[in-house]
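Remarks on the overall topology
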Amino acid sequence: MTNVTVLPARDDEHDGGDARLAVFAAERAARAADLAARAQQDAAGEDEADRAAAQQQARLAAAVGIAAASASRAVVWVSELAARTGSRDLGEYAAAVLACGRDLDPEDDDHGGVPADTAFVLSGLVLAGETGLSTGEGLALAAVGAIALAMPRTITTGDPAQQLPDLAHHLDQAVDAGRGTA
């Protein structure tokens, strides 16, 4: 909104014109100060939103790193079992766990970004015929597969910054339990 003050054409019509100009100038200054304050608040809000988004991105990156490291530790254990038993299926199982831990930015699909063949390998069906494993190792392997499958799914449907560290902890526990039964 623009305020317009008509200035007198002659000096004898000038009754109170200076006062009107002063009021007009004060109103314009107040409006300019109000606009500046709003702009500053908007900028502060944007800075805060940017800062919050950056913090969320940092939390997500840390969570992904924790989950990937945990999956890598699980892969080492599964690979050790594969080497010990000579099982090619366990080698594929290790590769599937690695894929789940490595690919934590999946496309949204029915399996949370995990290809169907990876989901099948980790479903536990390949473990049914495994020989040379203790019951505890088999159970721990099943838990490792289930947790590995859950990791990419949290990216698409959950709160990955919160859930991935929890899943990583459970994955480490499953590996520790499997190692403890050997």
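Here the structure is a predicted model, which means the values were calculated and not measured.

1. A short note on the overall build of the chain
For the chain, the count of helices and strands is five helices and zero strands. For the chain, buried positions account for 29% of its 182 residues. In the chain, of all internal contacts separated by at least 6 residues, the share reaching a separation of at least 24 is 72%. By element, 55% of the accessible surface of the chain is carried by carbon and sulfur atoms, the whole surface being about 10,900 Å².

2. Some details on the confidence of the model for the chain
Per-residue confidence for the chain gives a mean pLDDT of 80, with 74% of residues at or over 70. When pLDDT is averaged over each element of the chain, helix α5 (residues 160–180) comes out on top at 94 and helix α1 (residues 17–85) at the bottom at 78.

3. What to know about the side chain of Ser-70
Structurally, Ser-70 can be placed in helix α1. Aside from chain neighbours lying at most four places away, what touches Ser-70 is Ala-168, Leu-171 and Asp-172.

4. Examining the nonpolar core
In this structure, Trp-77, Tyr-93, Val-97, Leu-141, Val-144 and Met-151 are the most contacted members of the largest nonpolar core, which totals 34 residues. When residues of this core are traced back to their parent elements, those giving at least two are α1, α2 (88–102), α3 (116–122), α4 (135–157) and α5. In terms of residue count, α1 provides more of this core than any other element does, nine residues in total. Excluding residues that lie within four positions of it along the chain, Met-151 makes contacts with Ala-67, Leu-104, Leu-164, Leu-167, Ala-168 and Leu-171.

5. As for α4
Structurally, the α-helix is built with 3.6 residues per turn, so residues lying three or four positions apart point the same way. Given a rise of 1.5 Å per residue, 23 residues ought to cover 33 Å, and the 33 Å separating the end C-alpha atoms of α4 matches this to within 8%. Taken as a whole, α4 carries its principal kink of about 25 degrees at Met-151; the proline Pro-152 stands between one and four residues after it. Listed in full, the buried residues belonging to α4 are Glu-137, Ala-140, Leu-141, Val-144, Gly-145, Ile-147, Ala-148, Met-151, Pro-152 and Thr-154.

6. Re the packing of α2 against α4
The geometry of α2 relative to α4 is characterised by a closest axis approach of 8 Å and an angle of 30 degrees between their N-to-C directions. The angle between the axes of α2 and α4 places the two elements in the roughly parallel class. Regarding α2 and α4, the two cross each other, and that crossing is left-handed. In contact with Leu-90, Tyr-93, Val-97 and Cys-100 of α2, α4 contributes Leu-141, Ala-142, Val-144, Gly-145, Ala-148, Leu-149 and Pro-152.

7. Considerations on the environment of Gln-162
If you trace the backbone, Gln-162 turns up in helix α5. A relative accessible area of 46% places Gln-162 in the partly exposed class. Between the alpha carbons of Gln-162 and Ala-63 there is a distance of 7.4 Å; along the sequence they are 99 residues apart.

8. Section: the packing of α4 against α5
Two quantities define a packed helix pair, namely the angle between the axes and the distance from one axis to the other. Packing of α4 against α5 brings their axes to within 9 Å, and their N-to-C directions diverge by 170 degrees. Classified by the angle their axes make, α4 and α5 are roughly antiparallel. The way α4 lies across α5 gives a crossing that is left-handed. For the pair α4 and α5, contact is made by Gly-136, Glu-137, Ala-140, Ala-143, Val-144, Ile-147, Ala-150, Met-151, Thr-154 and Ile-155 and by Pro-160, Gln-163, Leu-164, Leu-167, Ala-168, His-170, Leu-171, Ala-174, Val-175 and Gly-178, respectively. Its residues assigned to classes, the contact of α4 with α5 shows 14 nonpolar, five polar and one charged.

9. Remarks on the pattern of salt bridges
Taken as a whole, this structure holds four salt bridges when the rule is applied. As a salt-bridge pair, Arg-73 and Asp-172 come within 2.8 Å of each other at their nearest N and O atoms. One end of the pair, Arg-73, is in helix α1; the other, Asp-172, is in helix α5, and 99 residues separate them in sequence. Residue classification places Arg-73 among the partly exposed residues on the basis of a relative accessible area of 41%. Overall, the relative accessible area of 22% leaves Asp-172 in the partly exposed class. Among the salt bridges present, the one from Arg-88 reaches Glu-92, with a minimum N-O distance of 3.9 Å. Of this pair, Arg-88 and Glu-92 both sit in helix α2, separated by four residues, roughly a single helical turn. According to the relative accessible area criterion, Glu-92 is partly exposed, its value standing at 35%.

Calculation rules
- Each residue is numbered by its place in its chain's sequence as written, counting from 1.
- It should be noted that, the model being predicted, local features are given only for residues of pLDDT at least 70 and side-chain atom pairs only at 80 or more, the latter also being counted only at that level, while totals for whole chains, interfaces and linings use all residues.
- Side-chain figures throughout are based on the complete set of non-hydrogen atoms in the structure, without hydrogens or water.
- Only DSSP runs of H or I with at least four residues qualify as helices, and only runs of E with at least two residues qualify as strands; both kinds are numbered from the N terminus onward.
- Exposure is judged per residue with a 1.4 Å probe applied to protein chains only, and the accessible area is read against the type maximum: over 50% gives exposed, under 20% gives buried, and values in between give partly exposed.
- In this analysis, two residues are considered to be in contact whenever any of their non-hydrogen atoms come within 4.5 Å of each other.
- In these tables, accessible area is a Shrake-Rupley quantity obtained with a 1.4 Å probe, and a residue counts as shielded only by the protein chains included in the view.
- A residue's pLDDT is simply how confident the predictor is in it, with values from 0 to 100.
- Nonpolar cores were defined as sets of buried Ala, Val, Leu, Ile, Met, Phe, Trp, Tyr and Cys residues, with membership established by side-chain atoms within 4.5 Å.
- An expected span of 1.5 Å times one less than the residue number is assigned to each helix.
- Fitting axes to the seven residues that end at a residue and to the seven that start at it, the angle between those axes gives the bend at that residue.
- Only the stretch in contact is used when fitting a helix axis, every axis being a line fitted to C-alpha atoms; angles between N-to-C directions are given from 0 to 180 degrees.
- Angles are sorted into four bins: roughly parallel if under 35 degrees, roughly antiparallel if over 145, roughly perpendicular if 65 to 115, and oblique for all others.
- Crossings are classed by handedness, with left-handed meaning an anticlockwise turn of the near helix from the far one by less than a right angle and right-handed meaning a clockwise turn.
- Under the convention adopted here, Pro, Cys and the residues Ala, Val, Leu, Ile, Met, Phe, Trp and Tyr are nonpolar, Asp, Glu, Lys and Arg are charged, and Gly plus all remaining residues are polar.
- Between Lys or Arg on one side and Asp or Glu on the other, a salt bridge is scored when a side-chain nitrogen of the former is within 4 Å of a carboxyl oxygen of the latter.

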